[in-house]
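# Survey of secondary and tertiary structure
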Amino acid sequence: MKVLSRNARLLAGVLLLFLGGCASTPQTNMMLAAPHPSLPRHVELTEVPYFVQDSYQCGPASLAMALNAASIKVTPDALKPEVYLPDRHGSLQVEMLGATRRHGAIAYQLAPELNDVLTEVASGTPVVVLQNLALSWYPIWHYAVVIGYDLDSADMILRSGPERRQILPMRTFENTWARSNYWAMVTLQPGIIPKTADATSYVSAVTALEKVSSPAAMQSSYSAALKRWPDNLAAQIGVGNTAYRMYHLPQAEAAYRRATQDHPDSAAAFNNLAQTLADQGRYKEALIAAHQAVDIGGSLSQAAQETLTEIESKMRQ
Amino acid sequence: MNPQNSPFMRWVSRMVIVCMMVMGMPVQNASASIVETDQVNFHEMAMQDRAKINSFLDRQDVIAQMQKEGITLAQAQARISALTDEEAHTISGKLDQLPAGGDVIGVVFAVFIILLITDIFGLTKVFPFTRSIRK
C-alpha cells in the first residue's frame, strides 16, 4: 500500500512536471518572505460592486466593476459593444484600455509585479487582471478583478466570473496570471495617479485620451502628474497643449515657458511657446523662441522651421 | 431586381464606405504648428509622416478585422479611435491570435482530466469546484 502511494505520488510528480513545466511562483515567494513594510497584511475592498457575467462576458463585467469602483456608472451590457469580439468569444487587452478611455477614465497598465497589484489594492483601487486559467498550450483566457489579499493565509481575493468572492491561493493566482505575462490594469478618474505609476507611463496613459476625451479632463491629469513629477517635460507640454486647445493662451504660455526653463534643449517647448506668443500678436518674442526651436532642431526641426516661417510672414504683413 | 442590389446602389454604398474611411483619418489640428504631447513623450518621430501613414494603415486593417469578428463598421471605428498608434499596431494583423479573455468552459474529456489534476495542484483554476492542495 505504501509502495503504491509512493508510486502514485511519483507518477503525479512526473505528470505535473510534464504538464506545467517547472511551475514556480517567484513573485509569491518573495511577497510572502519579505512583503513591503508599507503593505497591510490583509485588505479587502468589499465595496467594489459585482456584476454577474453572461457567457464569455468576463471582459465587460470586469471592466464595469473597475469603472464603477472609480465612480463611473456603466453596465457590462453597455461595455459589450465596446470591448467584446463576438466571433472570438472574448475581449482583447488593448480594448479593455481603449474602452476605459471612452468613459473618460485613465487606463493605466501596471508593471508586471505582484507587489504593484497588492499596493494598488491596498491604496483602494481594484485591479483588473488577465489570467490563463488553463495551460499555455490549452489557454482559457479570463479577466477578473483583484479586490483583496491576505498575506497570512497567502490568498488573493477576486471578483471572478460566477464567483462574487473568489479566494484563490496566491501561488495559483501567480501561475494563472504569469501566463498572460502578468497583465494588469487599473481605471482611474482623471487627476488621480496610481500609487505605483512611473512618470513616462502615466503621462502616456493621459496622452492616449487625446482622441476621446476633453482637454479639461486631460489637463487635470497632466497637472496632477506635474505635482508628482514637477520637471516632467511631457506633462509640462501636456498642460500647455490642453490649455492651448481650450484657447487659454496665457496659461499655455506659462506652461511652455516653464518647460523651456526646465528643458532648454526641448525644441517642442520653444516651438509651442513661439506659436502661442504669435497667436497673441507678440511677434517679436515669438520670433526669438522660434529661432531657439530651430537651433535645437533634432527630430522636430521641420515643424520648428515651419513655425518660424509662418511668424516671419505674419510680421511682414 | 432588388433595388438594394442595383449597380447604382452598390456604387453609392462604396462611395459611402470611402467617405467614412476618409472621415476616420487622423485630423490635423486647427493650428498645425503645435507639437503634440505624444511626440514629446516618444522621441522617435524623425519620420512623422511615415508614422502617420503606417498608423492609418494599421487602423484600417484592424477595422477590417473587427468587422470579420462580427463588429459593425461604426463600432469598429469608435473602438479603434480609443487606441494609441502603438496599441493599434500591436493588434494589427493579429486579432485572431491574441489572447481574448472570455473563459470558454467547453473542455474535451481528456483535457478535463488533465486540467482537474493541474487545478488540484494549484497550477490552474478552471473549475469552480476544485481546491488546490498546495498553499
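Residues numbered from 1 in each chain as written. Chains lettered and ligands numbered in written order. Predicted model: local features only at pLDDT ≥ 70, side-chain atom pairs only at ≥ 80, totals over all residues. Heavy atoms only, no water.

### Focus: the interface of chain A and chain B
How big an interface is tends to be stated in terms of the accessible area lost upon association of its parts. For clarity, the threshold we go by: Any pair of residues with heavy atoms lying within 4.5 Å of one another is described as a contacting pair. Throughout, the accessible surface (probe 1.4 Å) given up by two parts as they are put together, summed over both, is called the buried area. Each reported salt bridge corresponds to a side-chain nitrogen of Lys or Arg within 4 Å of a carboxyl oxygen of Asp or Glu. Any pair of nitrogen or oxygen atoms within 3.5 Å is treated as a polar contact; in protein, a donor-acceptor pairing is required on top of that, and neighbouring residues in sequence qualify only through side-chain atoms on both sides. Polar here means any residue outside two lists: the nonpolar Ala, Val, Leu, Ile, Met, Phe, Trp, Tyr, Cys and Pro, and the charged Asp, Glu, Lys and Arg; Gly therefore counts as polar. Paired strands, in this sense, are two strands between which DSSP finds at least two bridges. Helix and strand assignments follow DSSP, with helices taken as H or I runs no shorter than four residues and strands as E runs no shorter than two, numbered in order from the N terminus.
Each partner contributes residues to the interface: chain A has 78 residues there, and chain B has 59 residues. Summed over both sides, the interface of chain A with chain B buries roughly 5600 Å², with 60% coming from carbon and sulfur. The interface formed by chain A and chain B includes 2 salt bridges. A salt bridge links R79 of chain B to E95 of chain A, with the nearest nitrogen and oxygen atoms 2.5 Å apart. Scanning the region where chain A abuts chain B turns up 19 residue pairs in polar contact (both at pLDDT 80 or more). Of the residues assigned to the side of chain A that touches chain B, the class counts are 39 nonpolar, 24 polar and 15 charged. Alignment of strand β3 (residues 90-92) of chain A against strand β1 (residues 100-101) of chain B, held across 2 bridges, turns out to be antiparallel. Paired with L92 of chain A across the strands is A100 of chain B, a residue of β1 of chain B.

### A short note on the packing of helix α13 (residues 283-296) of chain A against helix α14 (residues 301-316) of chain A
Residue and element names in this part refer to chain A. Operational definition: Simply put, an axis is a line fit to the C-alpha atoms, just over the touching stretch for a helix, and the angle between two N-to-C directions goes from 0 to 180 degrees. With respect to orientation, any angle under 35 degrees is reported as roughly parallel, any angle over 145 as roughly antiparallel, any angle of 65 to 115 as roughly perpendicular, and every other angle as oblique. Here is the rule for handedness: rotate from the far helix to the near one, and if that takes an anticlockwise turn smaller than a right angle the crossing is left-handed, while a clockwise turn gives right-handed.
Between α13 and α14, the least distance of the axes is 9 Å, while the angle of their chain directions is 155°. Relative to α14, the element α13 lies roughly antiparallel. When the axes of α13 and α14 are compared, the crossing they make is left-handed. Contacts between α13 and α14 involve Y283, K284, A286, L287, A290, H291, A293 and V294 from the first element and A304, Q305, L308, I311, E312, K314 and M315 from the second. When the residues that make up the contact of α13 with α14 are grouped by side-chain class, the tally is 10 nonpolar, 2 polar and 3 charged.

### Regarding the confidence of the model for chain B
Caution applies to low-pLDDT regions: their predicted coordinates should not be interpreted in detail. All names here are of chain B. Where we set the bar: How sure the predictor is of each residue is captured by pLDDT, a score from 0 to 100.
Averaged over all residues, the pLDDT of chain B equals 74, while 62% of them reach at least 70. Of all the helices and strands in chain B, helix α1 (residues 7-23) carries the lowest mean pLDDT, 55, while helix α4 (residues 73-81) carries the highest, 93. Below pLDDT 50 for its whole length, residues 22-30 participates in 5 contacts with residues either more than four positions away or in separate chains. Confidence drops under a pLDDT of 50 for residues 43-47, and excluding neighbours within four residues, the segment shows 3 contacts in the predicted structure. Overall fold confidence for the complex sits at a pTM of 0.81, while the interface term, ipTM, reaches 0.81.

### Thoughts on the packing of aromatic side chains
For clarity, the threshold we go by: Here a pair means two rings of Phe, Tyr or Trp (six-membered ring of Trp) with centres within 6.5 Å. Their orientation is stacked below 30 degrees between planes, edge-to-face above 60, and tilted elsewhere. Exposure is judged per residue with a 1.4 Å probe applied to protein chains only, and the accessible area is read against the type maximum: over 50% gives exposed, under 20% gives buried, and values in between give partly exposed.
By the definition in use, this model includes 5 aromatic pairs over all chains. Ring centres 5.0 Å apart and planes at 85° place the aromatic pair W177 of chain A and Y182 of chain A in the edge-to-face group. Among the residues examined, W177 of chain A registers a relative accessible area of 0% and is labelled buried. Aromatic pair F127 of chain B and F129 of chain B: ring centres 5.3 Å apart, planes at 20°, arrangement stacked. Residue F127 of chain B is classed as buried on the basis of its relative accessible area, which comes to 6%. In this structure an aromatic cluster arises from ring pairing among F173, W177 and Y182 of chain A.

### Focus: the pattern of salt bridges
All names here are of chain A. On inspection of all chains with the given rule, the structure shows 11 salt bridges over all chains. Here E210 and R245 are joined by a salt bridge, their closest N and O atoms 3.8 Å apart. Within this pair, whereas E210 is found in the loop between α8 (199-207) and α9 (215-228), its partner R245 is found in helix α10 (residues 233-245), the two being separated by 35 residues in sequence. Judged by relative accessible area, E210 falls into the partly exposed class, the value being 22%. The exposure class assigned to R245 is partly exposed, which follows from its relative accessible area of 26%.

### Structural notes on α10 of chain A
Residue and element names in this part refer to chain A. Note the cut-off: For a helix, the expected span equals 1.5 Å multiplied by the residue count minus one.
In this model α10 runs 18 Å from its N-terminal to its C-terminal C-alpha over 13 residues, within 8% of the 18 Å that 1.5 Å per residue would give. Within α10, 12 of the 13 residues are buried, leaving the element largely enclosed by the surrounding structure. Every buried residue of α10 is accounted for by L233, A234, A235, Q236, I237, G238, V239, G240, N241, T242, A243 and Y244. The positive-phi residue at the C-terminal boundary of α10 is Y247, with phi of around 60°.

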